[in-house]
Amino acid sequence: MNGSVHSSSSAVDIKLKRGPAGLGFNIVGGVDQQYVVNDSGIYVSKIKEDGAAGLDGRLQEGDKILAINGVVLEDRTHKDAVELFRRAGEYVELRVLKKSSHHMNGPTSSQPDHDSSSPSSSSSSTLGILAVLAGAAAIFAFIYMRHLKKHF
């Protein structure tokens, strides 16, 4: 384990030691690019499995980061938050609001706090739906054509 957890209300403190690839997660949000409807907070969008956060296991995708080393992230731009992470030092204490059932918009433009990228699954979901619809149309057309042949 990479640190300790302390709960107060619904917020949790997580202390991470920066690894060779940074803290091992991406963030989205900020006053300039809301990730959650009517909320300009900073959220975890992607966790790298072999990074510090992934190995620690407590930080999850969708968690809201309230503060970094005691610096509150409220009313900050995305760029400001990324810069705070970059300057945070070897040991980083995060104040985190664990993932809830907020309605997420999904990342529109994600700037990572390290070099990994956060893939989007919305295009693959759309392709899956289109494939199912095309299959259903083909089956319907086949049955319809067989039905027409019987009547002639």
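Residues numbered from 1 in each chain as written. Predicted model: local features only at pLDDT ≥ 70, side-chain atom pairs only at ≥ 80, totals over all residues. Heavy atoms only, no water.

- As recorded by an unreviewed UniProt entry, the chain carries the name Synaptojanin-2-binding protein and is attributed to Larimichthys crocea.
- Quoted straight from UniProt, the Subcellular location (unreviewed entry) entry for the chain says "Mitochondrion outer membrane". (UniProt positions renumbered as here; feature names shortened; annotations may be inferred.)

## Some points on the nonpolar core
One recurring pattern in soluble globular proteins: nonpolar side chains tend to sit buried together.
Part 1 of the argument: F25, I27, L59, I65, I68, F85 and L94 are the most contacted members of the largest nonpolar core, which totals 22 residues.
Part 2 of the argument: Looking at this core, the elements with two or more residues in it are β2 (11-17), β3 (25-29), β4 (42-47), β5 (64-68), α2 (78-86) and β7 (91-97).
Part 3 of the argument: The element that contributes the greatest number of residues to this core is α2, accounting for 4 residues. (Core = buried A, V, L, I, M, F, W, Y, C linked by side-chain atoms within 4.5 Å. Buried < 20%, exposed > 50% of the residue type's maximum accessible area, 1.4 Å probe, protein only. Helix = DSSP H or I, 4+ residues; strand = E, 2+ residues; numbered from the N terminus.)

## Observations regarding the environment of L23
Part 1 of the argument: Following the sequence through the fold, L23 ends up in the loop between β2 and β3.
Part 2 of the argument: For L23, a relative accessible area of 0% translates into the label buried.
Part 3 of the argument: In this structure the C-alpha to C-alpha distance between L23 and E90, which are 67 residues apart in sequence, comes to 9.2 Å.

## Let's talk about the pattern of salt bridges
Part 1 of the argument: Applying the stated rule across the entire model yields 5 salt bridges.
Part 2 of the argument: A salt bridge links E90 to K17, with the shortest nitrogen-to-oxygen separation between them at 3.5 Å. Linking E90 in the loop between α2 and β7 with K17 in strand β2, this pair joins segments that are 73 residues apart in sequence.
Part 3 of the argument: With a relative accessible area of 44%, E90 lands in the partly exposed category.
Part 4 of the argument: A salt bridge links K98 to D63; its shortest N-O distance comes to 2.6 Å. Of the two residues, K98 is situated in the loop between β7 and β8 (111-112) and D63 in the loop between α1 (52-56) and β5; the sequence distance between them amounts to 35 residues.
Part 5 of the argument: According to the relative accessible area criterion, K98 is partly exposed, its value standing at 30%.
Part 6 of the argument: What makes D63 buried here is its relative accessible area of 1%. (Salt bridge = Lys/Arg side-chain N within 4 Å of Asp/Glu carboxyl O.)

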